[in-house]
Amino acid sequence: MTNSTIGLIGLGTMGAMLALNIAEKGFPIAVWNRTTAVTHQFKAEAGALAPMITPTETLAELVAAIKPPRAIILMVPAGEAVDQQIAALRPLMAADDLIIDAGNALFHDTNRRSADAQTLGPHFMGIGVSGGEEGARHGPAIMGGGLRQDWDRVAPVLNAIAAKYQGVPCADFMGPAGAGHFVKAVHNGIEYADMQMIAEVYGVMRDGMGMTAAEISQTLHGWNKGPLQSYLIEISAEVAGATDKHSGKPMLDMILDRAGQKGTGRWTVIEAQHLAATIPAIEAAVMARNLSSRLPERLAGQAVFGAAPQAMAKSTLTLAQLEQAMIAGKILCYAQGFALISAASAAFDWPMPLPEIARVWREGCIIRSSMLNDMATALTEDPARNLMLAPFFAEHLKATHGALRQTIAAGALHGLPLPALASGLAWFDMMRTGRSTANMIQAQRDFFGAHGFERIDGLDDKHGPWSGHGI
Ligand code: 6PG
């Protein structure tokens, strides 16, 4: 009965796929689901992997089926359900057993659960798992947080099931407590921004250039062979090329333009605000999803002002410029994401390993792309330097920011909203402005609130000649 290497709770899509992946890699696994019928059906449908799977009907049976010290993966919806599951397991598990939350938890919750585990036991880890259903089944990227020795204990299983980049597992330890879930949240923030930028260039092609879905698909397929090679470009090319079986029209044209979200992108933005980290492309992406869901308001706006997007003259912008704009935007959005992790490392005193994060993201996860290998190299050279300053990416940006500028200018003139790309460019320009306009902000603050300012000549005179005029 006690022969399983590991246990898993929650046989929803992701949990079931992860369990099959674990079984396939040769680790006997005990599984439990709230609905027992689901557990038995899972085993019945596991085919050749069935002998590796022990279905259990109670939590006590599950715990008894695992070799001590035990490790149990939770694959239940983030939030309350995780706390309930931990509370139910705690009396059944030994102090040195381990619960691993592999859902998309808010990292503050993981911090709290890690702290509770220290006093109440058993051990607790939070791991970020990316790659969707396919990734869970055949190799996700895994970002671990908790105690190093707990990671080391389960690393053989996690490394085995993770995606591989040239044979190297895309799984690593990110730091204490909620570090794994924090890195996963930033991954999702970048995911939102990358997806939004692709949606924006799609809009330029569709509404500005008048291209058909098939032409857009072909263009994206072409981009996927160059510097933009990535999972998100690849699937975007595929969806643009798909046909709706009901109407015979391009599938994309039949999909309502209201984007959903489970909240991880929003968490990233909120955390960036707490840390005063600057991630405008990610913020713009979250904003765009929020605004997309306000369809009645958008229709009211259209009724008053007319539809925004207008077709461009052929000479306005080339597809090559658009591709370069996307390259620049992508570098800037990743640079923002890594800078956020850097800020969090310092603020939380978590030494999160930036080069390893880039390495873990090279395969398996949703934002996997060929650029991540170059990012890993750049971050290895100097983890403290902003990615946009690394020579490799600085050269790329020098070569492409002009096209980003052209694209945004064309978008502005033709009513094509490009919030993520435009905020990426504004950030880039601010990041290379030695003399900004914040002197005006300081003067205003001093005028109305006598807040004082620093002088460029170092003189110790903190107030302007307007002192006393404030309210
Ligand atoms: C991943 C994804 C995944 C994400 C869902 C839904 O890395 O596999 O990021 O974890 O949570 O795809 O995300 P939204 O509903 O927020 O778009």
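Bear in mind that the values here come from a model prediction, so they are computed numbers and not experimental data.

Undergrad: Got a minute to help me understand the packing of aromatic side chains in this structure?
TA: Think of a pair of aromatic rings as described by two things: how far the centres are apart, and how the planes are tilted against each other in angle. Inspection of every chain in the model, using the stated rule, returns 10 aromatic pairs. Look at phenylalanine 447 and tryptophan 466: their rings are 6.0 Å apart centre to centre, the planes differ by 35 degrees, and that puts the pair in the tilted class. Here the residue phenylalanine 447 occupies a position in helix H19 (residues 438–449), and tryptophan 466 occupies one in the segment after H19, the gap between them amounting to 19 residues. For tryptophan 466, a relative accessible area of 21% puts it in the partly exposed group. A connected cluster of aromatic rings, assembled from ring pairs, spans Phe107, Phe182, Phe348 and Trp350. The cationic tip of arginine 289 hangs over the ring face of tyrosine 192; the distance from NZ or CZ to the ring centre is 3.5 Å.

Undergrad: Explain the side chain of glutamine 85 here, please?
TA: For glutamine 85, the position within the fold is in helix H4 (residues 80–89). In this structure glutamine 85 touches Ile9, Trp32, Leu59, Leu74 and Val76, once residues within four positions along its chain are discounted.

Undergrad: Explain the site of the ligand to me, please; I cannot follow it from the model alone.
TA: Contacts to the ligand come from 15 residues, most closely from Ser130, Lys184, Glu191, Tyr192 and Arg289. Arginine 289 places a side-chain nitrogen or oxygen 2.7 Å from an oxygen atom of the ligand. Within the complex, the protein chains bury 80% of what would otherwise be the 420 Å² of accessible surface of the ligand. Examining the composition of the shell around the ligand, we find that five residues originate from one element, helix H8 (residues 179–208), more than from any other. Here the shell around the ligand is built from residues that sort into two nonpolar, nine polar and four charged. Inspection of the shell around the ligand shows a minimum of three residues originating in each of domain 1 (6–177) and domain 2 (185–431).

Undergrad: Teacher, can you tell me more about the pairing of strand E4 (residues 71–74) here?
TA: Looking down a regular strand, the side chains alternate between one sheet face and the other. Burial of the side chains of E4 extends over both faces: Ala71 and Ile73 are buried on one face and Ile72 and Leu74 on the other. In this sheet, E4 lies alongside strand E1 (residues 6–9) in parallel orientation, the contact comprising three bridges. Counterpart to glycine 7 in the pairing with E4 is isoleucine 72. With H4 bridging E4 and its parallel neighbour strand E5 (residues 98–101), the resulting β-α-β unit is right-handed.

Undergrad: I keep staring at the sheet that holds strand E10 (residues 171–175) and nothing clicks. Help me out?
TA: The strands making up a sheet are joined through hydrogen bonds of the backbone, oriented either antiparallel or parallel. Read from one edge of the open sheet, eight strands run E3-E2-E1-E4-E5-E6-E7-E10, paired in mixed fashion. A strand with exactly one partner marks an edge of an open sheet, and here the two such strands are strand E3 (53–55) and E10. Taking each pair of neighbouring strands and ignoring which way they run, the sheet shows an average axis angle of 25 degrees. When E1 meets strand E2 (residues 29–32), the two strands line up parallel, connected through four bridges.

Undergrad: Would you take a moment to explain unusual backbone geometry for this structure?
TA: Among all residues except glycine, the phi angle is most often negative; among peptide bonds, the trans geometry is most common. For the bond running from proline 68 to proline 69, omega is -10 degrees, close enough to zero to count as cis. Note on placement: proline 69 falls in the loop between helix H3 (59–64) and E4. The peptide bond linking glycine 121 to proline 122 adopts the cis configuration, its omega dihedral lying at -15 degrees. Residue placement: proline 122 occurs in the loop between helix H5 (107–120) and strand E6 (123–130). The backbone phi angle of alanine 177 is positive, close to 45 degrees, even though this residue is not glycine. Its place among the elements puts alanine 177 in the loop between E10 and H8. A relative accessible area of 18% places alanine 177 in the buried class. Even without a glycine there, the phi angle at alanine 276 is positive, about 55 degrees. Along the chain, alanine 276 falls in the loop between helix H11 (264–275) and helix H12 (280–292).

Undergrad: I keep staring at the pattern of salt bridges and nothing clicks. Help me out?
TA: Side-chain pairing between opposite charges can occur once the charged atoms of the two side chains come close. If you walk through the whole model with that rule in mind, you get 21 salt bridges. As a salt-bridge pair, aspartate 109 and arginine 112 come within 3.5 Å of each other at their nearest N and O atoms. Here aspartate 109 pairs with arginine 112, and both are found in helix H5, just three residues apart, close to one helical turn. A relative accessible area of 35% means that arginine 112 is categorised as partly exposed.

Undergrad: Explanation requested: the domain arrangement of the chain in the structure shown.
TA: One widely used convention gives an interface's size as the accessible area the parts lose upon coming together. Looking at the chain, the domain boundaries give domain 1 (6–177), domain 2 (185–431) and domain 3 (439–471). Computed from C-alpha coordinates alone, the two centres of domain 2 and domain 3 are separated by 39 Å.

Undergrad: Mind showing me how you'd approach the environment of isoleucine 53 here?
TA: Tracing the sequence through the fold places isoleucine 53 in strand E3. Once the C-alpha coordinates of isoleucine 53 and alanine 105 are considered, the two residues, 52 residues apart in sequence, prove to be 26 Å apart. Apart from the residues lying within four places of it in its own chain, the contact partners of isoleucine 53 are Leu20, Ala23, Ile29, Val31, Phe42, Lys43 and Ala46.

Each value, and the rule that gives it
Numbering of residues begins from 1 in every chain and follows the order in which that chain's sequence is written. Given that this is a predicted model, residues contribute local features only at a pLDDT of at least 70 and side-chain atom pairs are listed and counted only at 80 or more, while totals for whole chains, interfaces and linings are drawn from all residues. Remark: hydrogens and water are excluded; side-chain values derive from all non-hydrogen atoms of the structure. Two rings from Phe, Tyr or Trp (for Trp, the six-membered ring) form a pair when their centres sit within 6.5 Å of each other. Planes less than 30 degrees apart are called stacked, planes more than 60 degrees apart edge-to-face, and all others tilted. Runs of E in the DSSP output that reach at least two residues are strands. Runs of H or I that reach at least four are helices, and both are numbered from the N terminus. With a 1.4 Å probe rolled over the protein chains alone, any residue whose accessible area is under 20% of its type maximum counts as buried; one over 50% counts as exposed, and the rest are partly exposed. Any Lys NZ or Arg CZ that is within 6 Å of a ring centre and within 35 degrees of that ring's normal is treated as a charge sitting over the ring. Here a residue-residue contact requires only that any non-hydrogen atoms of the pair lie within 4.5 Å. We call a residue near a given molecule or strand whenever any one of its heavy atoms falls within 4 Å of it. Each polar contact in these results corresponds to two N or O atoms within 3.5 Å; when the atoms are within protein, one needs to be able to donate a hydrogen and the other to accept it, and residues that are neighboring in sequence are counted only if both atoms are side-chain atoms. Computed by Shrake-Rupley with a 1.4 Å probe, the accessible areas treat only the displayed protein chains as cover when residues are assessed. Charged residues are taken to be Asp, Glu, Lys and Arg, nonpolar residues to be Ala, Val, Leu, Ile, Met, Phe, Trp, Tyr, Cys and Pro, and polar residues to be all remaining types, Gly included. Residue ranges assigned to each domain were obtained from an automatic or database domain assignment. For two strands to pair, DSSP has to find at least two bridges joining them. When the strands point away from the viewer and the path from the first strand over the helix to the second turns clockwise, the crossover is right-handed. In this analysis, axes come from line fits to C-alpha atoms, helices being fitted only over the stretch in contact, and the angle between any two N-to-C directions falls in the range 0 to 180 degrees. Salt bridge, as used here: a side-chain nitrogen of Lys or Arg that lies within 4 Å of a carboxyl oxygen of Asp or Glu.

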